[in-house]
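An overview of the molecular structure
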Amino acid sequence: MKLVACLLLLSGFFLVLAALVLLASTGQRTAFVVAGLGVEILGLALLTQGYQSTTKEQR
Amino acid sequence: MNPVLCMFSIMLIPLAAAGMALIHQGLGRSRSAAHAMLATLCALAVSAIIFVLFGSAWAGVASGAAHTFSAGGARWDWLGAEPFFSHGIGFDGASAIDLSRALTLCLEMLAAGLVAIIPLSAGSDRWRLGPICLASALLAGIVFPVFAHWSWGGGWLSQMSVNFGIANFADMGGAGVIQVVGGLAALSVAWVAGPRRGKFSDDGIPAAIPGHNIVQVLFGCILALVGWIGLDSATSILFYGAGLGQVVGVIVNAMLSASAGCLAAVAVTRTRYRKPDASLSSNGWIAGLVAGSAACAMVSPVAAIFIGLMAGVLVTYAIEIFELRLQVDDPGGAVSVHALSGIWGLIALGLFGHFAQGSRGEHVLAQLVGVSALLGFVFPLVHAGNLLLNRFAPYRVDDDGHWQGMDIRELGAGAYPEFVVHADEFVPR
């Protein structure tokens, strides 16, 4: 789960880079950059859940 | 550039480190106080040496040598390519370029130290000294130089206007380069080291482990203010060409955003708990400084107050959410204070900054790209580094160390030997 979460973080970043390269208008770019940030936040949420499970097991 | 003013500002930066050291050792337990202070010194020492030897080469300078590649019709400047060991930087001040490079090295060496000491707060009472030194080397040698190059050293984030026709990412006082990088490293350390023993019950309910010296914490806030003024001023002069008038604005804005952050935290905790909480209020003060540093010379005093106010409110709720809901044991609140407030400050720069060129939308977009780089590239990099280091040098102290305290376990003597220690603190549980 933690590996998938880290991959999601990187995917979000590459989505942002792709938006800069492939899109032209500020509106479209902003939409895709926000989407990329959303993917990154999803990755962070998944990572948090993974570490919560680890903490639970340690207890 | 005014080199004398820049040099004077740089000389104030160690006070930020002193303030942060007092804050995180005061928010930790008395049985780990000496360890916390020594860890700060070691982190500063390791980061200074590693940055000057290796990190400065990768951090680079604007219009200096760099590793680049071309893709999608753009030139991606992703890493500095200056000589290692700071070779070629002249300290004789023979030319303006030499002087600028020497000042950049001096500033970034101290900034790397600040990045390295931020995570100490999250690993308080359990993070061993050896791994602290290794993690400091990782931050000062690789992570900080990469993002410093992207933002301050002529990297792709600072060339977006040329490559993509949008505004450049801006970070005047280091809210992203220093604070968010350090705050994300703190989150990684809190996860890798795990929570303190006894912090969470079997049901996941956190136990309150109060700091041992709130007076030092509050004094640390005042020291940090002076250091932050120096940091914000120096980076504004060196990387954004701020003049004397703008530096005066930086001082006013730093004071205002810290004040608003502190008062917001006082008001929120007074409303929620019926009495103001001193430790959360000190976090509000630092959160105001952190958030305000991104836009320190580019916003009006009213905007600085609003930025600090929001940071103060944000940090009081974020610290609670991280502890209660997400079960992240971060004794000093470093993740909320440095990472979250720093991200808010970066976005606030896009929203409220005064810019000579480009639309507001373009500037917000540029700031969001910078935040995305921090979350999507810098965090995985620092987390992978911490996981790798943890394999060879375990971060977490053993169970004996938890009940003895880090002072006895790692240093062999406590910080306060004349204090009476209750026997039950030394009984293994």
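Residues numbered from 1 in each chain as written. Chains lettered and ligands numbered in written order. Predicted model: local features only at pLDDT ≥ 70, side-chain atom pairs only at ≥ 80, totals over all residues. Heavy atoms only, no water.

**Digging into the overall build of chain B**
We count it as follows: A run of DSSP states H or I qualifies as a helix once it reaches four residues; a run of E qualifies as a strand once it reaches two. Both are numbered from the N-terminal end. When we talk radius of gyration, it's over C-alpha atoms, and the globule rule is simply 2.2 Å times the number of residues to the 0.38. Only protein chains enter the area calculation, which uses a 1.4 Å probe; residues under 20% of their type maximum are buried, those over 50% are exposed, and those in between are partly exposed. Only heavy atoms enter the contact rule, under which two residues are in contact if any of them lie within 4.5 Å. For the accessible areas, the method is Shrake-Rupley and the probe is 1.4 Å, while residue cover comes only from the protein chains on display.
For chain B, the count of helices and strands is 14 helices and two strands. The globule rule puts the C-alpha radius of gyration for 429 residues at 22 Å, and the 21 Å found for chain B is close to it. Its C-alpha atoms put chain B at 65 × 45 × 40 Å along the principal axes. For chain B, the proportion of its 429 residues judged to be buried stands at 58%. Restricting to contacts in chain B with at least 6 residues of sequence separation, those with at least 24 account for 78%. Summing over all exposed atoms, chain B offers an accessible surface of approximately 16,100 Å²; the carbon and sulfur share of this is 67%.

**Regarding the interface of chain B and chain A**
Spelled out, the test is: Accessible area that two parts lose when put together, evaluated with a 1.4 Å probe and summed over both, is termed the buried area. Any carboxyl oxygen of Asp or Glu within 4 Å of a side-chain nitrogen of Lys or Arg constitutes a salt bridge here. Contacts described as polar in this section are N or O atom pairs within 3.5 Å, which, within protein, must combine one atom able to donate a hydrogen with one able to accept it, while residues neighboring in sequence count only if both atoms come from side chains. Gly falls in the polar group here, along with every residue not listed as nonpolar (Ala, Val, Leu, Ile, Met, Phe, Trp, Tyr, Cys, Pro) or charged (Asp, Glu, Lys, Arg).
Residue-level contacts link 32 residues of chain B with 24 residues of chain A. Both faces combined, the contact of chain B with chain A buries some 2,500 Å², and carbon together with sulfur accounts for 72% of it. Counting the surface chain B buries against chain A, the share from its top three residues, W191, L365 and L375 of chain B, is 22%. Across the contact surface, chain B and chain A share zero salt bridges. Linking chain B to chain A there are four residue pairs in polar contact (both at pLDDT 80 or more). Of all the secondary structure elements, the ones that give two or more residues to the side of chain B that touches chain A are α5 (160-164) and α12 (360-392) of chain B. Counting residues per element, the side of chain B that touches chain A draws most heavily on α12 of chain B, at 15 residues. Tallied by class, the residues present in the side of chain B that touches chain A amount to 20 nonpolar, eight polar and four charged.

**What about a nonpolar patch on the surface?**
Defined as follows: Patch membership needs two things, relative accessible area over 30% and no salt bridge, and members are linked within 9 Å if like-charged or within 5 Å if nonpolar (Val, Leu, Ile, Met, Phe, Trp, Tyr).
A surface patch of nonpolar side chains, amounting to about 240 Å² of accessible area, comprises L38, L41 and L411 of chain B. Along the chain, L411 of chain B falls in helix α14 (residues 406-411).

**Observations concerning the confidence of the model for chain B**
This is how it is decided: The predictor's confidence in any single residue is recorded as pLDDT, a number from 0 to 100.
Across chain B, the average pLDDT comes to 92, with 98% of residues at 70 or higher. Our summary of model confidence lists the complex with pTM equal to 0.95 and ipTM equal to 0.96.

**Brief notes about the packing of aromatic side chains**
What counts is decided by this rule: Aromatic rings from Phe, Tyr and Trp, with only the six-membered ring used for Trp, were paired whenever their centres fell within 6.5 Å, and each pair was classed as stacked if the ring planes differed by under 30 degrees, edge-to-face if by over 60, and tilted otherwise.
For the structure on display, the rule yields 21 aromatic pairs over all chains. Taking the centre distance of 6.4 Å and the plane angle of 15° together, the rings of F13 of chain A and W150 of chain B count as stacked. Separated into two different chains, F13 of chain A in helix α1 (residues 2-22) and W150 of chain B in helix α4 (residues 129-152) make up a pair that spans both. When its relative accessible area of 4% is taken as the criterion, F13 of chain A is described as buried. The exposure class of W150 of chain B is buried, given its relative accessible area of 5%. Following the ring pairs from residue to residue traces out a cluster consisting of F13 and F14 of chain A together with F69, W76, F147, W150, W156, F164, F169 and F377 of chain B.

**Concerning the environment of G38 of chain A**
Following the sequence through the fold, G38 of chain A ends up in helix α2 (residues 26-58). Taking the C-alpha atoms as reference, G38 of chain A lies 9.5 Å from L9 of chain A; in sequence the two are 29 residues apart.

**Considering the nonpolar core**
Residues and elements named next belong to chain B. This is how it is decided: In this description, a nonpolar core means a group of buried Ala, Val, Leu, Ile, Met, Phe, Trp, Tyr and Cys residues linked to one another through side-chain atoms lying within 4.5 Å.
Ranked by internal contacts, the top residues of the largest apolar core, which has 139 residues, are F147, W156, M160 and I286. Sort the elements by how many residues they give to this core and helix α6 (residues 175-193) lands first, with 14 residues. Apart from the residues lying within four places of it in its own chain, the contact partners of I286 are I23, C221, A224, W228, V337 and H338.

**Here's the deal with the packing of helix α3 (residues 96-122) of chain B against helix α7 (residues 214-240) of chain B**
All names here are of chain B. Filter applied, for reference: An axis is simply a line fitted to the C-alpha atoms; with a helix, the fit covers only the stretch in contact. Between two such axes, the angle follows the N-to-C directions and lies from 0 to 180 degrees. Whether a crossing is left-handed or right-handed is set by the direction in which the near helix is turned from the far one by less than a right angle, anticlockwise for left-handed and clockwise for right-handed.
Contact pair α3 / α7: the axes reach a minimum separation of 11 Å and the direction vectors enclose 145°. The way α3 lies across α7 gives a crossing that is left-handed. Contacts between α3 and α7 pair S100, L103, T104, L107, E108 and L114 from the former with L231, A234, T235, L238 and F239 from the latter. Looking at the contact of α3 with α7 residue by residue, the classes come out as seven nonpolar, three polar and one charged.

**With respect to α1 of chain A**
In an α-helix, one turn spans 3.6 residues, which is why side chains three or four residues apart end up on the same side. All names here are of chain A. Spelled out, the test is: Expected helix span is given by 1.5 Å per residue-to-residue step, counting one fewer step than there are residues. Comment: arc refers to directions from the helix axis out to C-beta atoms.
With 21 residues, α1 extends 30 Å between its outermost C-alpha atoms, agreeing within 8% with the 30 Å of an ideal straight helix rising 1.5 Å per residue. Three or more residues of α1 are buried, namely A5, C6, L9, G12, F13, V16, L17, A19 and L20. Axial view of α1: buried residues confined to an arc of 160°, hence all on one face. Set apart from the buried face of α1 by more than 90 degrees, the exposed residues are L3, F14 and L22.

**Quick notes on the side chain of S47 of chain B**
Residues and elements named next belong to chain B. Tracing the backbone through its elements, the reader meets S47 in helix α2 (residues 33-59). A polar side-chain atom of S47 sits 3.0 Å from the main-chain carbonyl oxygen of L44. Sequence-distant contacts of S47, that is, excluding residues within four places in its chain, are made with A112, G113, A116, S136 and A140.

**Points about the packing of helix α1 (residues 3-26) of chain B against α7 of chain B**
Residue and element names in this part refer to chain B. What counts is decided by this rule: Roughly parallel refers to an angle under 35 degrees, roughly antiparallel to one over 145, roughly perpendicular to one between 65 and 115, and oblique to any angle outside these ranges.
In contact at an axis separation of 6 Å, α1 and α7 are set at 150° when each is read in the N-to-C sense. Considered as vectors, α1 and α7 are oriented roughly antiparallel to each other. Like other packed secondary-structure pairs, α1 and α7 cross with a definite hand, here left-handed.

**Some words on the pattern of salt bridges**
Residues and elements named next belong to chain B. Under the defined criterion, the tally for this structure stands at eight salt bridges over all chains. Between D329 and R196 there is a salt bridge, with its nearest N and O atoms 3.0 Å apart. Highlighted residues: D329 in the loop between α10 (301-325) and α11 (334-352) and R196 in the loop between α6 and α7, separated in sequence by 133 residues. The same class applies to D329 and to R196, which are both buried. Among the ionic pairs, E320 bridges to R272, the shortest N-O distance being 3.0 Å. With E320 in helix α10 and R272 in helix α8 (residues 244-273), this residue pair connects regions lying 48 residues apart in the sequence. What makes E320 partly exposed here is its relative accessible area of 25%.

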